[in-house]
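The chain contents come next:
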Amino acid sequence: MRLSRSMFGNLFVIGALVMTIAALAYPALVGVRTTASAQSRVIANTRWGPLTEADRNFVVKVRAAGLWESRLGMDAMKRGASPEMRDAGRHLVVGHALLDESCRKLAQELNITLPNEATPQQQQFVATVESKNGKEFDSTAANIMRVTHGQIFPAIGQIRATTENTEVRRLAEEANDVVRDHMTVLEKTGLVNFDHALAEQTGPPKLPDSQLTPPVPPPGAPQVVVSAPPGLANPYTKTFPSSAPTTGGAPSGGEVG
């Protein structure tokens, strides 16, 4: 069958639209590259509901995010060239201290092994930002972290919509509020390149899994605690109404930040 020019043009437009929608819908969650069927596989039945691979990966990714973003938050509080960047740093530090507390509690309940280190890619993000100074530090930090928050934001919504585990659902709700706030304060610096952020979020570079996976801690290794400095104001009283930022040291391990 021969296609007329108009029919060929319509098919081209439809094909391009499908490809665009697929690119925008792809959850570019750093470190998660398993098939949909594997993600939905139930790996444990708990009193809070079934736990799937996607649920477990989500808890691990929230934990890994805090391990490097809290450090950059502390850097931003100390080295930020503008008040907006220093305030963004405060939100990052407090938000990830609170999420880390939730992750550690949840991991204990659901028997999930948490990493003590961020992924190699995330560690490189830290090295890149920390190599800058002044306004270049602010711009690099704001853009890298806005991209990574934009990547995980749709994945949070996906977990909230699909998980049957009430504890994972609660963590997703907390993470949604914190990540949305972090994107907002990073944008308030006025340094975010939105065209670049969208391109990176919808078409992330293809990296080997070894770069995107946090290392598993050796057996018996003390657990690292992501914490906030004592007395740091908590902007998340509505999200964590009964919590304050974790300010103590790590009773069984080191402290990040």
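Residues numbered from 1 in each chain as written. Predicted model: local features only at pLDDT ≥ 70, side-chain atom pairs only at ≥ 80, totals over all residues. Heavy atoms only, no water.

**Focus on the packing of aromatic side chains**
Here is step 1: Evaluation of the coordinates by the stated rule reveals one aromatic pair.
Here is step 2: Measuring from ring centre to ring centre gives 5.3 Å for W68 and F125, while their planes differ by 45°; the resulting arrangement is tilted. With W68 in helix α3 (residues 53–79) and F125 in helix α5 (residues 120–130), this pair connects stretches of sequence that are 57 residues apart.
Here is step 3: For W68, a relative accessible area of 2% gives the class buried.
Here is step 4: For F125, a relative accessible area of 19% corresponds to the buried category. (Phe/Tyr/Trp six-rings, centres within 6.5 Å; stacked < 30°, edge-to-face > 60°. Helix = DSSP H or I, 4+ residues; strand = E, 2+ residues; numbered from the N terminus. Buried < 20%, exposed > 50% of the residue type's maximum accessible area, 1.4 Å probe, protein only.)

**Looking at the packing of α3 against helix α4 (residues 83–110)**
Here is step 1: Between α3 and α4, whose axes approach to 8 Å, the crossing angle comes to 150°. By the angle class used here, α3 and α4 are roughly antiparallel. Note that α3 runs across α4; the crossing there is left-handed. Across the interface between the two elements, V59, V62, R63, A65, G66, E69, S70, G73, M74, A76 and M77 of α3 pack against M85, R86, G89, R90, L92, V93, H96, L99, D100, C103, R104 and L106 of α4. (Axes fitted to C-alpha atoms, helices over the stretch in contact; angles between N-to-C directions. Parallel < 35°, antiparallel > 145°, perpendicular 65-115°, else oblique. Left-handed = near helix turned anticlockwise from the far one by under 90°. Contact = heavy atoms within 4.5 Å.)

**Some details on the environment of K61**
Here is step 1: Locating K61 in the fold gives a position in helix α3.
Here is step 2: Taking the relative accessible area as the measure of exposure, K61 reaches 7% and is therefore buried.
Here is step 3: Distance in space between the C-alpha atoms of K61 and C103 is 9.8 Å, their sequence separation being 42 residues.

**A few points about the pairing of strand β2 (residues 49–52)**
Here is step 1: Of the pairings in the sheet, the one linking strand β1 (residues 42–46) to β2 comprises four bridges and is antiparallel in character. Bridge assignment links V42 to a residue of β2, and that residue is T52.
Here is step 2: The turn joining β1 and β2, which pair antiparallel and follow one another in sequence, is formed by two residues. (Pairing = 2+ DSSP bridges.)

**Examining the confidence of the model for the protein chain**
Here is step 1: With 79% of its residues at a pLDDT of 70 or more, the protein chain shows a mean pLDDT of 83.
Here is step 2: Between residues 246–257, whose pLDDT stays under 50, and residues either more than four places distant or in other chains, the model counts 38 contacts. (pLDDT = per-residue confidence, 0-100.)

**Section: the pattern of salt bridges**
Between side chains of opposite charge, pairing is possible as soon as their charged atoms come close.
Here is step 1: Inspection of every chain in the model, using the stated rule, returns 14 salt bridges.
Here is step 2: In this structure, E53 engages R56 in a salt bridge whose closest nitrogen and oxygen atoms are separated by 4.0 Å. Placement of the pair is E53 and R56 together in helix α3, with a separation of three residues, close to one helical turn.
Here is step 3: What makes E53 buried here is its relative accessible area of 10%.
Here is step 4: The partner of K105 in a salt bridge is E109, with the nearest N and O atoms 2.7 Å apart. Pair noted here: K105 and E109 are both in helix α4, with a separation of four residues, about one helical turn.
Here is step 5: Under the relative-accessibility criterion, E109 is labelled partly exposed at 26%.
Here is step 6: Counted as one network, the salt bridges with shared partners bring together K105, E109, E167, R170 and E174. (Salt bridge = Lys/Arg side-chain N within 4 Å of Asp/Glu carboxyl O.)

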